[in-house]
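What follows is each chain in one-letter form.
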Amino acid sequence: MNNSIRKPWLLVLTIGLGTLLNPLNSSMISVALTRMQHEFGLTFADATWLISVFYLASAVGQPVMGRLSDMFGPKKVFLTGLLLVAVACGFAPFSTNFAFLLSCRALQAIGSSALFPSGMSIVRTSITEGQAKALSTLSIFSTTSAAFGPSIGGFIIDSWDWPAIFIVNFPFILLSFVLAITILPSTGRGKFNLERIDVGGILLFIISIVALILFLLSLEKQIHWSALFIFFIFSFIFYMYEKNRKEPFIDIIALKTNLNVSLVYVQFICINLVYYCYFYGFPTFLQQVHHYSEKQTGLIMLALAGFGVIVAPLAGRLIERHGSKPSLILGSGFLFIGTGLLLSLNETSPILWLLIIMAVLGMSNGFNNISMQTALYEQVKPEETGTASGLFQTSRYIGSILSSCLLGIVFNRHLDVEHLHIVAIVCIIFCIIVVGLSLRYPGIKQMKKSAKTT
């Protein structure tokens, strides 16, 4: 403990190297999808399961690992998470079939999901001075690795092949593991308590989401109405089951009692649905329509990532001065404009025009990510921060899963500018919802007035 406090930067580095694994692996896959399609003989809809299974496992894994961290101690859970990621990355390159590769992706997601909650717990208990700076640094690890994942993936795949996106994890895993053993404090003497893990809620959630994915992907060909029926039935059972749980997987009662918080989650789902359609759609479009190499695709994707990183500090300053609402409006506006500009793209459009569109969409992400998070914290009590943050991440995962479904439906048989326009038209509908919710969100004066009346 004392060692970690004397050298907080080393503690942050250790945790940061681990926590970047989940966002990095969720994003590198975008450039590898085309290679994996050819390797395993997949349709594009089949390949999108590599995205969906990762986010579904992450949505389940993060809250479960957070509670296991409370029971057994964050250091043990952190080290276990690193080992699980190592096992998944070690076996994935030797996958002989698609089902085995999907299993490796799920294990990779579960292992990497253990690193963020356990790492946050260690920082909050071990660093008292400069804690906010430590947490913001860890946030940079996560956001930067996610943003530049396609570029990193593009360079290493171009030099080798799709297994490289798994092998590249090992330097981070090894360094983080060695540092964690010596640096991280050993805490947590609790016992395993199964009642604290909402197994029933998790299973009902998984069945509901998988049924929804199967139904959505079937829209492109023969519609599976039975999957939609299963989704509605199990969603209703999930609702009835969760509202009576003391420690539910998703706090239904809290969602019902705070409309502003619930709408923040809805808005974040819509934002991620739209943004990740481009985040995963552009690399495939660039490779299969314009025939760019993985390396070239990675460089082009820097426009989307780079402008998001550049804008984020500006969004932070704007929020400090005027609250979340102006940044929310700017972010939703850029998302709407960028999506609208996509409809002007045609077969003869120069790559510069696509880069400009990607830059606009990247700026939207820079504003939206930080403003949505601060908007959430403006609406919840300090003691509810942990639960609210968990649901916030779940909202991100649900939006990402839905984006992969939309891409799977539209790009499954035909991948061209016309079908990219179809994606954009659908996304415009969700952009309108995002803009409306941003305008509806209460400003600083309105929140102060509301606080006085209560």
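Residues numbered from 1 in each chain as written. Predicted model: local features only at pLDDT ≥ 70, side-chain atom pairs only at ≥ 80, totals over all residues. Heavy atoms only, no water.

Moving on to the overall build of the protein. What the protein contains, in helices and strands, is 23 helices and zero strands. What you see for the protein is a C-alpha radius of gyration of 21 Å, in line with the 22 Å of a compact globule of 454 residues. Projected onto its principal axes, the C-alpha coordinates of the protein cover approximately 60 × 55 × 45 Å. Buried positions account for 54% of the 454 residues belonging to the protein. Taking all contacts inside the protein whose residues are at least 6 apart in sequence as the whole, residues at least 24 apart take part in 82%. When the accessible area of the protein is evaluated, it comes to approximately 19,800 Å², of which 67% is carbon and sulfur surface. Mean positive and mean negative side-chain charge positions of the protein (29 and 20 charges, respectively) differ by 12 Å. (Helix = DSSP H or I, 4+ residues; strand = E, 2+ residues; numbered from the N terminus. Rg over C-alpha atoms; globule rule 2.2 N^0.38 Å. Buried < 20%, exposed > 50% of the residue type's maximum accessible area, 1.4 Å probe, protein only. Contact = heavy atoms within 4.5 Å. Areas by Shrake-Rupley, 256 points an atom, 1.4 Å probe, with all protein chains shown as cover. Lys, Arg positive; Asp, Glu negative; His and termini not counted. Charge placed at Lys NZ, Arg CZ, Asp CG, Glu CD.)

Helix α16 (residues 259-288) packs onto helix α3 (residues 21-40) with a crossing angle of 35° between their chain directions and a minimal axis gap of 9 Å. Crossing angle aside, the handedness with which α3 passes α16 is right-handed. Packed against α3, whose contacting residues are Ser26, Ser27, Ile29, Ser30, Val31, Leu33, Thr34 and Gln37, the element α16 presents Phe279, Tyr280, Pro283, Thr284, Gln287 and Gln288 at the interface. Its residues assigned to classes, the contact of α3 with α16 shows six nonpolar, eight polar and no charged. (Axes fitted to C-alpha atoms, helices over the stretch in contact; angles between N-to-C directions. Left-handed = near helix turned anticlockwise from the far one by under 90°. Nonpolar A, V, L, I, M, F, W, Y, C, P; charged D, E, K, R; others polar.)

Before going further, it helps to examine the packing of aromatic side chains. Geometry of an aromatic ring pair is reported as the spacing of the ring centres plus the angle between the planes. Tallied over the entire structure, the rule returns 20 aromatic pairs. Judged by centre distance (5.7 Å) and plane angle (55°), the ring pair of Phe40 and Trp162 falls under tilted. One end of the pair, Phe40, is in helix α3; the other, Trp162, is in the loop between α10 (149-159) and α11 (164-167), with 122 residues separating them in the sequence. For the pair Phe40 and Trp162, a shared accessibility class is recorded, and that class is buried. (Phe/Tyr/Trp six-rings, centres within 6.5 Å; stacked < 30°, edge-to-face > 60°.)

Considering only enclosed or pocket space, the second largest pocket measures out at about 540 Å³ in volume. As for the second largest pocket, its lining consists of 21 residues, and the residues nearest its centre are Phe205, Phe238, Ile250, Ile269 and Ile398. Elements with a contribution of two residues or more to the lining of the second largest pocket: α13 (199-218), α14 (225-242), α15 (252-257), α16 and α21 (385-411). Grouping the constituent residues of the lining of the second largest pocket by class yields 16 nonpolar, five polar and no charged. (1 Å grid on protein atoms, 1.4 Å probe; cavity = no way out; pocket = protein on both sides within 12 Å on 5 of 7 lines; lining within 4 Å. Points joined across faces, edges and corners; volume = space filled by probe spheres on them.)

Phi at His291 is positive, roughly 60°, even though this residue is not glycine. Counting through the fold element by element, His291 comes out in the loop between α16 and α17 (294-300).

A separate point is the environment of Ala106. With respect to the helices, strands and loops of the structure, Ala106 is situated in helix α7 (residues 98-113). Sequence spacing of Ala106 and Tyr55 is 51 residues, and the spatial spacing of their C-alpha atoms is 8.5 Å.

This next bit is on the confidence of the model for the protein. Here the protein shows a mean pLDDT of 87. Residues at 70 or above account for 91%. Confidence, expressed as mean pLDDT per element, reaches its minimum in the protein at helix α1 (residues 2-6) with 47 and its maximum at helix α22 (residues 417-440) with 96. (pLDDT = per-residue confidence, 0-100.)

Attention shifts here to the side chain of Lys75. Positionally, Lys75 belongs in helix α6 (residues 74-91). On the basis of relative accessibility, which here comes to 12%, the residue Lys75 falls in the buried class. Excluding its chain neighbours within four sequence positions, the residues that come into contact with Lys75 are Ile122, Ala180, Ile181, Leu184, Pro185 and Ser186.

There is a patch of nonpolar side chains on the surface, built from Ile207, Phe229, Ile230, Ile233, Phe236, Ile237 and Met240 and spanning about 620 Å² of accessible area. Per-element tally for the nonpolar patch: the top contributor is α14, with six residues. Here Met240 shows up in helix α14. (Patch = residues over 30% accessible without salt bridge, like charges linked within 9 Å, V, L, I, M, F, W, Y side chains within 5 Å. Salt bridge = Lys/Arg side-chain N within 4 Å of Asp/Glu carboxyl O.)

Positionally, Leu361 belongs in helix α20 (residues 351-379). When the C-alpha atoms of Leu361 and Thr394 are compared, they prove to be 22 Å apart, with 33 residues separating the residues in sequence. What Leu361 contacts, discounting residues up to four positions off in sequence, is Tyr275, Tyr278, Phe282, Leu304, Leu335, Gly338 and Thr339.

So, about helix α19 (residues 324-342). The terminal C-alpha atoms of α19, which comprises 19 residues, lie 27 Å apart, in line with the 27 Å expected from a rise of 1.5 Å per residue. Residues of α19 that are buried include every one of Ser324, Ser327, Leu328, Gly331, Ser332, Leu335, Gly338, Thr339 and Leu342, and no others. Looking straight down α19, one finds that the buried residues subtend no more than 130° of arc, so they occupy a single side. In the core, the buried residues of α19 are packed alongside α16, α18 (302-322), α20 and α22. (Expected span 1.5 Å × (residues − 1). Arc of directions from axis to C-beta.)

Ranked by internal contacts, the top residues of the largest apolar core, which has 136 residues, are Met36, Phe205 and Phe282. The leading source of residues in this core is α16, at 17 residues. In contact with Phe205, other than residues within four places in its own chain, are Leu56, Ala59, Val60, Phe238, Phe249, Ile250, Thr394 and Ile398. (Core = buried A, V, L, I, M, F, W, Y, C linked by side-chain atoms within 4.5 Å.)

Turning next to the packing of α3 against helix α5 (residues 49-72). Across the interface, α3 lies against α5 with an axial gap of 9 Å and an inter-helix angle of 165°. When the axis of α3 is compared with that of α5, the two are roughly antiparallel. α3 and α5 meet at a crossing whose hand is right-handed. Here α3 contributes Asn22, Asn25, Ser26, Ile29, Leu33 and Met36 to the contact with α5, which in turn contributes Leu50, Ile51, Phe54, Tyr55 and Ser58. Considered class by class, the residues forming the contact of α3 with α5 number seven nonpolar, four polar and no charged. (Parallel < 35°, antiparallel > 145°, perpendicular 65-115°, else oblique.)

Taken as a whole and judged by the stated rule, the model has three salt bridges. The salt bridge partner of Arg35 is Asp161, with a shortest N-O separation of 2.8 Å. Of this pair, Arg35 sits in helix α3 while Asp161 sits in the loop between α10 and α11, and the two are 126 residues apart along the sequence. For Arg35, the salt bridge is made with Glu294, and the minimal N-O distance between the two is 2.6 Å.

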